[in-house]
Every structure is written in C-alpha cells, then in structure tokens.
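Here's the letter readout for the chains.
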Amino acid sequence: MAVTTTVNLRALTSWVGIARLFAVVLSCLAFSLVASTGHFGGPYGTWCMFTWCFCFIVTLLVLLLELLELYPMLPLSWDDFTSAFSMLAALMVFTSSVVFPTTFISSPCSSNQCARQAVATTASCLCFLAYAVEVSLTRAKPGDISSFLSTVPGLLKVFEAYVACLIFSLLDGYNGEPGLMWCVAVYSICFIFTLLIIIFTIGRCLTYIPCPLEKMLVGYNFLAVLMYLTTTVLWPLYSFRGRSRPDPCGTNCWWNKRLGVTFLTIFNLIAYLVDLVYSTRMVFVRAP
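Note that the structure is a prediction, hence the values are computed from the model and not measured. Residue positions are given per chain, counted from 1 along the sequence in the order it is written. pLDDT decides what is reported in this predicted model: residues at 70 or higher carry local features, side-chain atom pairs at 80 or more are listed and counted, and totals for whole chains, interfaces and linings draw on all residues regardless. To obtain the side-chain values, all non-hydrogen atoms of the structure were used and water was disregarded.

Visitor: Kindly report on helix 4 (residues 78-104), identifying the contributing residues and their values.
Guide: Helix length check: helix 4 (27 residues) gives 37 Å between terminal C-alpha atoms against 39 Å at 1.5 Å per residue, within 8%. Remark: exposure states derive from per-residue accessible area (1.4 Å probe, protein chains only) relative to the maximum for the residue type, with buried under 20%, exposed over 50%, and partly exposed in between. For helices the rule is a DSSP run of H or I covering at least 4 residues; for strands it is a run of E covering at least 2, with both sets numbered from the N terminus onward. Taking burial as the measure, the 27 residues of helix 4 include 20 buried ones, the bulk of the element. What a helix is expected to span follows from its residue count: subtract one and scale by 1.5 Å.

Visitor: An account of the environment of Trp 235 is needed here, citing residue identities and associated values.
Guide: For Trp 235, the location among the structural elements is in helix 8 (residues 213-240). By relative accessible area, which is 1% here, Trp 235 ends up buried. Distance from Trp 235 to Thr 265, taken between C-alpha atoms, is 8.7 Å for residues 30 residues apart in sequence. The criterion used for residue contact is that any of the two residues' heavy atoms lie within 4.5 Å. With residues near it in sequence (within four places) discarded, Trp 235 still touches Leu 171, Leu 180, Cys 183, Tyr 187, Arg 258, Val 261 and Thr 262.

Visitor: Before we move on, could you go through the UniProt feature "transmembrane region" (unreviewed entry) in the chain and cite the residues and values that matter?
Guide: UniProt positions are given in the numbering used here, feature names are shortened, and annotations may be inferred rather than shown by experiment. Here, the residues flagged by UniProt with the feature "transmembrane region" (unreviewed entry) are residues 12-35, 47-65, 85-106, 118-137, 179-206, 218-238 and 258-278. Secondary structure across residues 85-106 comprises 91% helix and 0% strand; the distance between its end C-alpha atoms is 32 Å. Between the first and last C-alpha atoms of residues 179-206 the distance is 34 Å; the span itself is 86% helix and 0% strand.

Visitor: Just give me the short version of the environment of Val 218, but keep the residues and values in it.
Guide: Inspection of the secondary structure puts Val 218 in helix 8. Among the residues examined, Val 218 registers a relative accessible area of 12% and is labelled buried. The spatial distance from the C-alpha of Val 218 to the C-alpha of Cys 114 is 49 Å, given a sequence separation of 104 residues.

Visitor: Kindly report on a nonpolar patch on the surface, identifying the contributing residues and their values.
Guide: Exposure above 30% relative accessible area and the absence of a salt bridge qualify a residue for a patch, where like charges join within 9 Å and nonpolar side chains (Val, Leu, Ile, Met, Phe, Trp, Tyr) within 5 Å. Note on areas: Shrake-Rupley, 1.4 Å probe, and residue coverage restricted to the protein chains presented here. We count a salt bridge whenever a side-chain nitrogen from Lys or Arg sits within 4 Å of a carboxyl oxygen from Asp or Glu. A contiguous nonpolar patch, built from Phe 263, Ile 266, Phe 267, Ile 270, Val 274 and Tyr 278 and spanning about 510 Å² of accessible area, is present on the exposed surface. As for its position among the elements, Val 274 is in helix 9 (residues 254-284).

Visitor: Tell me about unusual backbone geometry, and name the residues and values.
Guide: Look at Glu 69: it is not a glycine, yet its phi comes out positive at around 55°. By the secondary structure assignment, Glu 69 is in the loop between helix 3 (42-67) and helix 4. The exposure class assigned to Glu 69 is partly exposed, which follows from its relative accessible area of 38%. Despite not being glycine, Arg 204 has its phi angle at roughly 60°, a positive value. With respect to the helices and strands, the residue Arg 204 is situated in the loop between helix 7 (178-202) and helix 8. Judged by its relative accessible area of 53%, Arg 204 falls in the exposed class.

Visitor: If you had to explain the domain arrangement of the chain to someone new, which residues and values would you point to?
Guide: As used throughout, domain bounds are those supplied by an automatic or database domain assignment. Considered domain by domain, the chain is made up of domain 1 (1-145) and domain 2 (151-287). Placing a centre on the C-alpha atoms of domain 1 and another on those of domain 2 gives a separation of 25 Å. Each side of the interface is counted separately: domain 1 has 18 residues, and domain 2 has 12 residues. Of the roughly 1400 Å² buried between domain 1 and domain 2, counting both surfaces, carbon and sulfur atoms make up 76%. Our count for the domain 1 to domain 2 interface comes out at zero salt bridges. Any N or O atom pair separated by 3.5 Å or less is treated as a polar contact, with the protein-specific requirement of one donor-capable and one acceptor-capable atom, and with residues adjacent in sequence counted only for side-chain atom pairs. Here domain 1 and domain 2 share three residue pairs in polar contact (both at pLDDT 80 or more) between them. Elements that contribute at least two residues to the side of domain 1 that touches domain 2 include exactly helix 3 and helix 4. For the side of domain 1 that touches domain 2, the element with the highest residue contribution is helix 4, accounting for nine residues. The term buried area denotes the loss of accessible surface (1.4 Å probe radius) that occurs when two parts are joined, taken as the sum for both partners.

Visitor: Give me the lowdown on the packing of aromatic side chains, citing residues and values where you can.
Guide: Here the aromatic set is Phe, Tyr and Trp, taking the six-membered ring for Trp, and pairing holds for ring centres within 6.5 Å; pairs whose planes are under 30 degrees apart are stacked, those over 60 apart are edge-to-face, and all others are tilted. By the definition in use, this model includes 16 aromatic pairs. Judged by centre distance (5.6 Å) and plane angle (70°), the rings of Phe 31 and Phe 56 are edge-to-face. Placement of the pair is Phe 31 in helix 2 (residues 15-37) and Phe 56 in helix 3, with a sequence separation of 25 residues. Ring-pair connections join several aromatic residues into one group, and the members of that group are Tyr 187, Phe 193, Tyr 220, Tyr 228, Trp 235 and Tyr 272. A ring is considered to have a charge above it if a Lys NZ or an Arg CZ atom is located within 6 Å of its centre and within 35 degrees of its normal. A cation over a ring is seen here: Arg 281 above Tyr 278, with NZ or CZ 5.9 Å from the ring centre.

Shown next, in the form of structure tokens:
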C-alpha cells in the first residue's frame, strides 16, 4: 500500500518551527566550528560535541516529520515527545554553553582557534535561547493537561531526570560511607521512577497503570521531597566532615565534585517541591 505524504509548510513558518530552524542552524554552527579547531578532546569536549550533534539530528528529524506530516504514524505521543525533547535539549545545550568555554577557552583569547571557539560558544548560547523559546511556546496553558510533559510538572520531570544524570557524572568515592550510599540510593530510585514516568507518558502506556495516575504522582513527589531532604543534609555532612579543600584543587578534584553534587541536590529538591505543589493543584484544585 502506497503511503501518501502531504507537505505542511506551517511546520517551518510557525513560531515553533522558526525556533526549531534557528536551533538546527546554531547547533550545526557550534559543532562545525569546534570540529574545525580539532581541540575538543576529553570527556567535557566529547560531551559538548555529542550535545550539539544530538540536538541537531533530532531537531532536524522533528522538522522533517512535521513537514511531511509523518509523525501520526509513530506509536508515541508526539506532543509529549517534542515537549520533553525541547526541554532536554535546552538543558543539555545550556550545560555545554557553560562547560565548553570554561574548559577550552583560555585568556587572553587572541588566536584564530580561540576566535572560532568563542563564536561556537555564542552560537551555543543562542541555540539554548531557541530551545527555551520552543519550550515556552509549546508549554500547556493553565487547565490544559492533554499533553502531560508540556505542563509544568511534566517539564519538571525532565529537569529532575537530567539533574540526576549530572549528579551521577560527579559521583566518586562514596563506597564505605553509609550516609553517602543512602544518598546515591535516593538519587537512583528517584531517577528510575522519574524516567519511567517520562517513557510511559511518551509511549502512551500510562492508561495501563491500575491506579489513579494523578494521585500516584502526588504521592511519589511527596516521597521524593522527603528523600531529597535527607540527602540535602547527609551528603554535605558525610562528604566534608573533617576534610578541608585540597590545594591545589583542579578540574577532577574530589572536593569540587562533591560540592557540585551538593548544589545539584538542592536544585533537585527545589524542583521536586515545586513539582509537588503544581501536581497537588492539578489534582485537588480544579479550575472553574
């Protein structure tokens, strides 16, 4: 059976389409300029290049699927997928926009290589703004819950999972400390449940859960807040108790990594708390 396709030019001319076009061009510019310098080795450079390439490929694919109107054939919730991806891309590109210049650009910046790195950083920052605009344009209006991942609690789920991934990348030397092992268990449990919620939502599998989903999310967020409260206290207590900052303390210094985990834990605690407030309002406070 032949598959007929139609061209939907609104996928490119709408404000969301324009934001996606800017994201494609800017992400391509960022990784092309950095690739031309040949100076992006190590885990941080590899992460930045992966981020720009990944966002470029997926956003271009989204544009093509919407342009040819092929996305209804996919066995997933398209609005949830695009909302989750735009939020994830904004977070990834923002991280790369901070990590790349602090790692690779040295002062004074006078060489041709440094100039290309500076332009790539600028393109990355503008790319983040493009994705942020897309998130703002596609966010569900108050009272609209047809696409869960486009609501504030849904976007926060993506944020919480991403911050947990950043925490995992900084974990180092926690074995043998019961307090730190409990914190790692909290990070892992909350990450797994949050990721499952995102996957089930995109895959349209939430209807198979034999319990009221909205109330289950409220209960989960409440437990996550309590668990993250304990990690906010225990992680810095067990990490820095009786141990001062080494001198010198470079990029891979354990003290800097544990301080980063401390701040990221606080960020996720705030995210889960806001998530709990919004989820509770969505369930128990009905708009007239």
